Amino acid sequence: MNDLTGAEPARTRAFLGAGLVLVSCLSVQASAALASTLFDRLGAPAVAGLRQLCAALALMVLVRPRVRGHTRQEWAGMVVYGAAMAVMNVAYYGAVGHLPLGVAATLLFLGPFVVAVASARAWREALLPAVGLVGVVLVTEPGGTVAWAGIAFGLLSALALACYTVFAQRVGRASSGLEGLAVSVSISALLLLPFSLPAAPSVNGSDWGLVAVSGVVGVALAFTLDFRAVKMAGAKVVATLFSLDPLMGALIGALALAESLSAPVLVGMGLIVSAGAMATWRAERLPVSPMPSSTDHP
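First, a word on scope: everything that follows refers to the structure included in this document.

1. A few points about the side chain of Ser186
Along the chain, Ser186 turns up in helix H8 (residues 179–191). Within the local environment of Ser186, its side chain forms a polar contact with the backbone oxygen of Ala182, the two atoms lying 2.9 Å apart. Among residues more than four places away in sequence, those in contact with Ser186 are Ala56 and Met60.

2. A look at helix H3 (residues 44–63)
For H3, spanning 20 residues, the distance from its first C-alpha to its last is 28 Å, which sits close to the expected 28 Å at 1.5 Å a residue. One or two positions beyond H3, positive phi appears at Arg64, with a value near 50 degrees.

3. Concerning the nonpolar core
The biggest cluster of nonpolar side chains holds 63 residues, and the ones touching the most others in it are Tyr81, Tyr92, Tyr93, Tyr164, Leu181, Val185 and Phe223. The greatest single-element share of this core, amounting to 11 residues, is contributed by helix H4 (residues 72–96). Apart from the residues within four sequence positions on either side, Tyr81 is in contact with Tyr164, Phe167, Ala168, Val171, Leu181, Ser184 and Phe227. Counting 16 residues, the second largest nonpolar core, distinct from the first, contains Val136, Ile151, Ala158 and Val265.

4. Notes on unusual backbone geometry
Trans is the prevailing form of peptide bonds, just as negative phi is the prevailing case for residues other than glycine. You will see that Arg64, though not glycine, has its phi angle at about 50 degrees, which is positive. The topology assignment puts Arg64 in the loop between H3 and H4.

5. Considerations on the pattern of salt bridges
Inspection of every chain in the model, using the stated rule, returns one salt bridge. Here Arg41 and Asp207 are joined by a salt bridge, their closest N and O atoms 2.0 Å apart. One end of the pair, Arg41, is in helix H2 (residues 39–42); the other, Asp207, is in helix H10 (residues 205–233), and 166 residues separate them in sequence.

About the thresholds
Residues numbered from 1 in each chain as written. Predicted model: local features only at pLDDT ≥ 70, side-chain atom pairs only at ≥ 80, totals over all residues. Heavy atoms only, no water. Helix = DSSP H or I, 4+ residues; strand = E, 2+ residues; numbered from the N terminus. Polar contact = N/O pair within 3.5 Å; in protein donor to acceptor, adjacent residues only side chain to side chain. Contact = heavy atoms within 4.5 Å. Expected span 1.5 Å × (residues − 1). Core = buried A, V, L, I, M, F, W, Y, C linked by side-chain atoms within 4.5 Å. Buried < 20%, exposed > 50% of the residue type's maximum accessible area, 1.4 Å probe, protein only. Salt bridge = Lys/Arg side-chain N within 4 Å of Asp/Glu carboxyl O.

Written out as structure tokens, the structure is:
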């Protein structure tokens, strides 16, 4: 029986990766909706830092990563990966604080879209981002009341997610199991301590429950699924599969936060998601890096 480390068709890898990313997107958007209820009292950076801290503690206990024995190159990859996580979380929560959840998630998706464009091998694939760009223009509602701060945070989160997607693959190749991920999340939590520590005394019991659930579900679980998906299907396939995020964000925003979106915004989101899905389907013909195998402890 073939395993996922060898010559299994790229389309099968993409479908398996899609299942992992689907659950990841649901986890991220649901946890963002939960965490957003704390923004008014604690602030988005503090909430992002506290949930990263909870996620880091969970992963350190479950994975028990080794700290010694890593090369300078491996440490550099994990530091950049962790820094990308930290920036992405703070910027995305900043966007959620100013924009509807679905719009913030759509702007976030521009990061993986850039990764897909950068790895395009045919000029036809470069047309897909043009469709996505039209969608971005519609999503930002030109001529209307634009929350420019939210859009700026959204674009920053997109840039961070592009780095996150690329370095997830690099860290995955260099480390065994989830060890690199656990260390990177811990680095992210350390970088956000200036935000999380001052806010900790203001967090009550029920708030800690929300933060813990948000951290475990939205970071530890979601990033683990992303990490596995990248190692399984490659950075480009997973990057385009993140097109599911805006759909999840819009759905959860409507159901949990009673957010409504205008027709142009919905059309724009549809264009971005459609272009991302098409890019995913076209990626099935591209070679995929094999998933490294190791007998080291998890």
